[in-house]
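# Observations on the three-dimensional arrangement
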Amino acid sequence: MSTLFDPAPGAPREIAPGAVHLPGWLDLARQRELVQACRGFGRGPVPYRAAALPGGHEMSVQTLCLGWHWQPYRYTRTADDVNGARVPELPGWLADWGRQAVADAYGDPAAAAGYRPDTALINFYSPEARMGMHQDKDEHAADPVVSLSVGDDCLFRFGNTETRTRPYTDLRLRSGDLFVFGGPARFAYHGVPKIHPGTANPECGLAGSRLNLTLRVTGMS
Ligand SMILES: O=C(O)CCC(=O)C(=O)O
Ligand SMILES: [Fe+2]
């Protein structure tokens with residue numbers, strides 16, 4: 001049963017063709033489950049780290065990868081910019097969540113059945129952390145990206161495939177929200193200009209930060 005503190009999921013909203021926001025897709029129990037799992041992944045073999053950009057600046061988010069290790073701007077099996085260890089496999093339950101997410105976002109269970117994510121990027125945002133406008137384009141496949149958020153709300157900016165500037169849509173991603181972008185939106189620029197500190201329901205299992213996990217298909221073997 002949903003309560004004031006665990007509201008029923010909101011109606012899906014199409015932000016752009018192929019980009020769908022499903023508010024409250026994860027209930028509080030699942031949010032806690034995800035937080036716990038992500039804490040566990042951080043115990044190794046590869047820890048969370050701020051990835052270094054080619055210019056030398058470090059990203060403000062702390063990132064850990066499953067399945068394939070991402071560093072700006074490529075995927076490898078081993079975390080060569082961290083400790084050289086091989087990253088763990090993507091757990092089957094996360095791939096299952098991904099298939100369900102695609103089914104719910106597009107209302108097309110048959111298409112979703114073929115969704116086989118093979119990597120997850122997990123980002124922890126402190127209150128000051130941000131992510132500049134970028135495309136997720138290091139994958140060699142055009143399957144949708146599935147994004148799950150837990151913890152503090154953020155301002156999420158979803159733009160277009162041509163430029164990192166307008167036109168874009170600003171929306172608030174809250175704890176438990178799902179955002180899926182595929183089809184014509186798959187290579188749209190997007191970013192996180194702001195975290196809203198202290199907005200999380202403590203029952204989500206995360207206080208003082210925001211967790212975002214994206215599932216992707218790398219198209220690599
Ligand atoms: O934190 C988010 O909501 C977006 C994360 C993202 O764009 C990425 O990891 O590539
Ligand atoms: Fe991204």
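So, here is what we can say about the structure in this document. From a predicted model like this one, the values you see are computed outputs, not experimental measurements.

## Focus: the overall build of the chain
Per the secondary structure count, the chain includes three helices and 13 strands. The globule rule puts the C-alpha radius of gyration for 221 residues at 17 Å, and the 16 Å found for the chain is close to it. In terms of overall dimensions, the chain has C-alpha extents of about 45 × 35 × 35 Å along its principal axes. When the 221 residues of the chain are sorted by exposure, 51% land in the buried category. Pairs at least 24 apart in sequence give 73% of the contacts found in the chain among residues at least 6 apart. About 10100 Å² of surface is accessible on the chain, with carbon and sulfur atoms providing 54% of the total.

## Some thoughts on the pairing of strand 13 (residues 210-216)
Remark: a regular strand shows side chains that alternate across the two faces of the sheet. Where burial is concerned, most of strand 13 is hidden: seven out of the seven residues are buried. Burial along strand 13 is two-sided: the face carrying R210, N212, T214 and R216 and the face carrying L211, L213 and L215 are both buried. Here strand 6 (residues 119-125) pairs with strand 13 via seven bridges, running antiparallel. Note that in strand 13 the partner of Y125 across the bridge is R210. Bridge analysis of strand 8 (residues 145-151) against strand 13 gives six bridges, and the strand direction is antiparallel. From the neighbouring strand, S149 faces strand 13, where its bridge partner is N212.

## Some points on the packing of helix 1 (residues 28-41) against helix 2 (residues 92-106)
Where helix 1 contacts helix 2, the axes come no closer than 12 Å and their chain directions differ by 140 degrees. Between helix 1 and helix 2, the interaxial angle falls into the category oblique. Viewed along their axes, helix 1 and helix 2 form a crossing whose handedness is left-handed. On helix 2, the residues touching R30, E33, L34, A37 and F41 of helix 1 are W93, L94 and W97. Looking at the contact of helix 1 with helix 2 residue by residue, the class counts come to six nonpolar, no polar and two charged.

## What to know about the site of ligand 1
Surveying the vicinity of ligand 1 reveals the residues N123, Y125, M131, H134, D136, F156, H190, V192, R210, N212 and R216. Between ligand 1 and H134 there is a distance of 3.1 Å, counted from an oxygen atom to a side-chain nitrogen or oxygen. Contacts to ligand 1 include R216, whose side-chain N or O atom sits 2.9 Å from an oxygen atom. The site holding ligand 1 turns out to be the largest pocket.

## A few points about the side chain of N212
One can find N212 in strand 13. A polar contact is formed between the side chain of N212 and the side chain of S147, at a distance of 3.0 Å. For N212, the contacting residues outside a window of four places in its chain are L121, I122, N123, Y125, S147, L148 and S149.

## Considerations on the nonpolar core
Ranked by internal contacts, the top residues of the largest apolar core, which has 39 residues, are L34, C38, L94, I122 and L211. Of all the elements in the fold, those that place two or more residues in this core are strand 2 (19-22), helix 1, strand 3 (62-66), helix 2, strand 6, strand 8, strand 11 (178-181) and strand 13. No other element matches helix 2, which puts seven residues into this core. Setting aside its immediate chain neighbours within four residues, L34 contacts L26, W93, L94, W97, L148, V150, L211 and L213. Of all hydrophobic cores here, the second largest spans 25 residues; its members include A19, A51, C65 and A188.

## Looking at helix 1
Compared with an ideal rise of 1.5 Å per residue, which puts 14 residues at 20 Å, helix 1 spans 20 Å between its outermost C-alpha atoms and is within 8% of the ideal. Of all the positions in helix 1, only L28, Q31, L34, V35, A37, C38 and F41 are classed as buried. At its buried positions, helix 1 is contacted by strand 3, helix 2, strand 6, strand 8 and strand 13.

Rules of the game
- Residues numbered from 1 in each chain as written.
- Chains lettered and ligands numbered in written order.
- Predicted model: local features only at pLDDT ≥ 70, side-chain atom pairs only at ≥ 80, totals over all residues.
- Heavy atoms only, no water.
- Helix = DSSP H or I, 4+ residues; strand = E, 2+ residues; numbered from the N terminus.
- Rg over C-alpha atoms; globule rule 2.2 N^0.38 Å.
- Buried < 20%, exposed > 50% of the residue type's maximum accessible area, 1.4 Å probe, protein only.
- Contact = heavy atoms within 4.5 Å.
- Areas by Shrake-Rupley, 256 points an atom, 1.4 Å probe, with all protein chains shown as cover.
- Pairing = 2+ DSSP bridges.
- Axes fitted to C-alpha atoms, helices over the stretch in contact; angles between N-to-C directions.
- Parallel < 35°, antiparallel > 145°, perpendicular 65-115°, else oblique.
- Left-handed = near helix turned anticlockwise from the far one by under 90°.
- Nonpolar A, V, L, I, M, F, W, Y, C, P; charged D, E, K, R; others polar.
- Near = heavy atom within 4 Å.
- Polar contact = N/O pair within 3.5 Å; in protein donor to acceptor, adjacent residues only side chain to side chain.
- 1 Å grid on protein atoms, 1.4 Å probe; cavity = no way out; pocket = protein on both sides within 12 Å on 5 of 7 lines; lining within 4 Å.
- Sits in = over half its atoms within 2 Å of the grid points.
- Core = buried A, V, L, I, M, F, W, Y, C linked by side-chain atoms within 4.5 Å.
- Expected span 1.5 Å × (residues − 1).

Read these as layout, nothing more, since geometry by itself doesn't imply function.
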